[in-house]
Amino acid sequence: QVQLVESGGGLVQAGGSLRLSCAASGRTFSTYAMGWFRQAPGKERDFVAAITWSGGSTWYADSVKGRFTIFRDNAKNTVYLQMNSLKPEDTAVYYCAATEGRRGFRVGATSPGLFDYWGQGTQVTVSS
């Protein structure tokens, strides 16, 4: 099992940047693929970005491609989401998730149902 704790959310003006962090407990962090999702009020939880256990592969939602970067530091049991050129439509609660890679998970997967563990979320608000 792994426990996830997000941090780094806040209020930022459009065009600004934020870096989210997700700290994981457990000795097997490096064996999990990690993802970031977001959920705006009244909407479904949407995929944002994901990274394989080694960091060798990353993939993004079209809406954030070129603006967001996911990366991880396995020595620190932490995955990050660097968010640049933020837009008001990026406003949401951002969730970190981990997957053991079962149930058909593969590079490019975006379904929340393929992730096994979730953090509590961190609010990101982008003002216009």
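Residues numbered from 1 in each chain as written. Predicted model: local features only at pLDDT ≥ 70, side-chain atom pairs only at ≥ 80, totals over all residues. Heavy atoms only, no water.

Asker: Describe the nonpolar core, listing the residues and the values that go with them.
Answerer: Looking at soluble globular proteins, one finds that nonpolar side chains tend to be buried together. Core analysis: the biggest nonpolar cluster contains 40 residues, and Leu 4, Met 34, Trp 36, Val 79, Leu 81, Met 83 and Tyr 94 have the highest contact counts within it. Taken together, the elements giving at least two residues each to this core come down to strand S3 (18-24), strand S4 (33-39), strand S5 (45-51), strand S6 (58-60), strand S7 (68-73), strand S8 (78-83), strand S9 (92-99) and strand S11 (122-127). When neighbours within four sequence positions are excluded, Tyr 94 is seen to be in contact with Glu 6, Leu 20, Trp 36, Phe 37, Arg 38, Val 48, Phe 68, Leu 81, Met 83, Gly 121, Thr 122 and Val 124. (Core = buried A, V, L, I, M, F, W, Y, C linked by side-chain atoms within 4.5 Å. Buried < 20%, exposed > 50% of the residue type's maximum accessible area, 1.4 Å probe, protein only. Helix = DSSP H or I, 4+ residues; strand = E, 2+ residues; numbered from the N terminus. Contact = heavy atoms within 4.5 Å.)

Asker: Residue-level account of the sheet that holds strand S1 (residues 4-7), with values.
Answerer: Taken in spatial order, the 4 strands make up an open sheet running S1-S3-S8-S7, and their pairing is antiparallel. The sheet is open, and its two edges are formed by S1 and S7, each paired on a single side. Within the sheet, the average angular offset between the axes of one strand and its neighbour, ignoring direction, is 15°. Alignment of S1 against S3, held across 4 bridges, turns out to be antiparallel. The residue of S3 that forms the bridge with Leu 4 is Ala 24. (Pairing = 2+ DSSP bridges. Axes fitted to C-alpha atoms, helices over the stretch in contact; angles between N-to-C directions.)

Asker: Explain the pairing of S7 residue by residue, including any values.
Answerer: Each regular strand carries side chains that alternate between the two faces of the sheet. Where burial is concerned, the two faces of S7 differ: the one with Phe 68, Ile 70 and Arg 72 is buried and the one with Thr 69, Phe 71 and Asp 73 is not. As judged from the 6 bridges shared by S7 and S8, these two strands associate in the antiparallel manner. In the sheet register, Asp 73 faces S8, and the bridge partner there is Thr 78. Here S7 folds back onto S8 in antiparallel fashion, the turn holding 4 residues, of which Asn 77 has a positive phi close to 50°.

Asker: Tell me what's going on with the packing of aromatic side chains, and back it up with residues and numbers.
Answerer: The full count for this structure, using the stated rule, is 8 aromatic pairs. Between the aromatic rings of Tyr 32 and Tyr 117, the centroid separation amounts to 5.9 Å while the plane-to-plane angle is 80°, which identifies the pairing as edge-to-face. With a gap of 85 residues between them, Tyr 32 in the loop between S3 and S4 and Tyr 117 in strand S10 (residues 117-118) connect regions that are remote in the sequence. Each member of the pair Tyr 32 and Tyr 117 is classed as buried. The side chain of Arg 45 reaches across the aromatic face of Tyr 95, ending 3.7 Å from its centre. Seen from the ring of Phe 29, Arg 72 lies directly overhead, with NZ or CZ sitting 4.5 Å from the centre. (Phe/Tyr/Trp six-rings, centres within 6.5 Å; stacked < 30°, edge-to-face > 60°. Lys NZ or Arg CZ within 6 Å of the ring centre and 35° of its normal.)

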